[in-house]
Amino acid sequence: MNIITGIFKSRNIKTSNNLSYRPTKSRVRESIFDSLKLFQFKSVCDLFSGTGIMGFESASRGAESITFVENNYKALTLIKNNAKMLEGPDYRFFQTDVFKFIKYCNTFDLIYADPPYGKYDLELLTERVLCHLNEKGMFYLECDKQQVPFLNCSVRDFGQTRILQWGNK
């Protein structure tokens, strides 16, 4: 899996076929980051990190601090190993349940969440996450296309993937 653009453009991050994650497709990543135009998000949180690709894409575009939250030890270990190859930003790693993490975390400029489809109450997750978004921040939630939009969000579809967006547009 390659980083699309920025200082780490074309750098490959290692993934594993032995882990049950669903990496965000490159065309979805490209569309999200293209919509941000001038990337000005200094603090980024990648919830349900999986491969960590959204955090690494943010790092490549100039984010200063990237927080990865992943419950799976093996996936988080792989993210840590990839971070060693992409030096520069301040990387932080949390192996914990996302709901436990957001109960006590700081605020962020950009938050991205890609929970396993159908396993979480996305409205509850979103309500809690939005409390940790800085004033001009953005929150992106990746979900199944069948998810009905809620809480006055913007919606974009990519095949069977739906991206819900809140924040400064």
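As the structure is a computational prediction, the values presented were derived from the model and not from experiment.

Draft legend 1. Local environment of the pattern of salt bridges. One pass over the full model with this rule turns up five salt bridges. Salt-bridge contacts for Asp 157 lead to Arg 162; the nearest nitrogen and oxygen are separated by 2.7 Å. When its relative accessible area of 36% is taken as the criterion, Asp 157 is described as partly exposed. Here the residues in one salt-bridge network are Arg 29, Glu 57 and Arg 61, joined through shared partners.

Draft legend 2. Highlighting the pairing of strand β4 (residues 108–113). Counting buried positions over the six residues of β4 gives six, a clear majority of the element. Where strand β1 (residues 43–47) meets β4, four bridges bridge the pair, whose relative direction is parallel. Note on β4: the bridge partner recorded for Leu 47 is Ala 113. Following the backbone out of β4, through helix α5 (residues 122–130) and into the adjacent parallel strand β5 (residues 133–144), one traces a crossover that is right-handed.

Draft legend 3. Here's a closer look at the side chain of Ser 58. Along the chain, the position of Ser 58 falls in helix α2 (residues 53–60). Overall, the relative accessible area of 1% leaves Ser 58 in the buried class. When residues no more than four places from it in sequence are discounted, the contact partners of Ser 58 are Phe 33, Phe 39, Val 44, Ala 63 and Leu 110.

Draft legend 4. Geometry of unusual backbone geometry. Even without being glycine, Ser 10 reaches a positive phi, approximately 70°. Within the secondary structure, Ser 10 is located in the segment before α1 (26–35). Look at Asn 152: it is not a glycine, yet its phi comes out positive at around 50°. Position of Asn 152 among the secondary structure elements: in the loop between β5 and β6 (154–158).

Draft legend 5. Representation of the sheet that holds strand β3 (residues 90–94). As summarised here, the arrangement of the seven strands in space is β3-β2-β1-β4-β5-β7-β6, forming an open sheet in which the pairing is mixed. Two strands in the sheet have a free side with no partner beyond their single neighbour: β3 and β6. On average, each strand axis in the sheet is inclined to that of its neighbour by 15°, with strand direction left out of account. Of the pairings in the sheet, the one linking β1 to strand β2 (residues 65–69) comprises five bridges and is parallel in character. Note on β2: the bridge partner recorded for Ser 43 is Ser 65. Across the face of the sheet, helix α3 (residues 73–85) comes into contact with β2 and β3 while running at roughly 170° to β3. Running at roughly 160° to β5, α5 makes contact with β1, β4, β5 and β7 (161–167) of the sheet.

Draft legend 6. Local environment of the pairing of β2. Counting buried positions over the five residues of β2 gives five, a clear majority of the element. Side chains Ser 65, Thr 67 and Val 69 project from β2 onto one buried face, and the interleaved Ile 66 and Phe 68 project onto a second face that is buried too. Each parallel crossover has a hand, and the one from β1 via α2 to β2 is right-handed. With five bridges connecting them, β2 and β3 associate as parallel partners.

What counts and how
Residues numbered from 1 in each chain as written. Predicted model: local features only at pLDDT ≥ 70, side-chain atom pairs only at ≥ 80, totals over all residues. Heavy atoms only, no water. Salt bridge = Lys/Arg side-chain N within 4 Å of Asp/Glu carboxyl O. Buried < 20%, exposed > 50% of the residue type's maximum accessible area, 1.4 Å probe, protein only. Helix = DSSP H or I, 4+ residues; strand = E, 2+ residues; numbered from the N terminus. Pairing = 2+ DSSP bridges. Right-handed = clockwise from strand over helix to strand, strands pointing away. Contact = heavy atoms within 4.5 Å. Axes fitted to C-alpha atoms, helices over the stretch in contact; angles between N-to-C directions.

Such coordinate-based values are descriptive only and should not be taken to indicate function.
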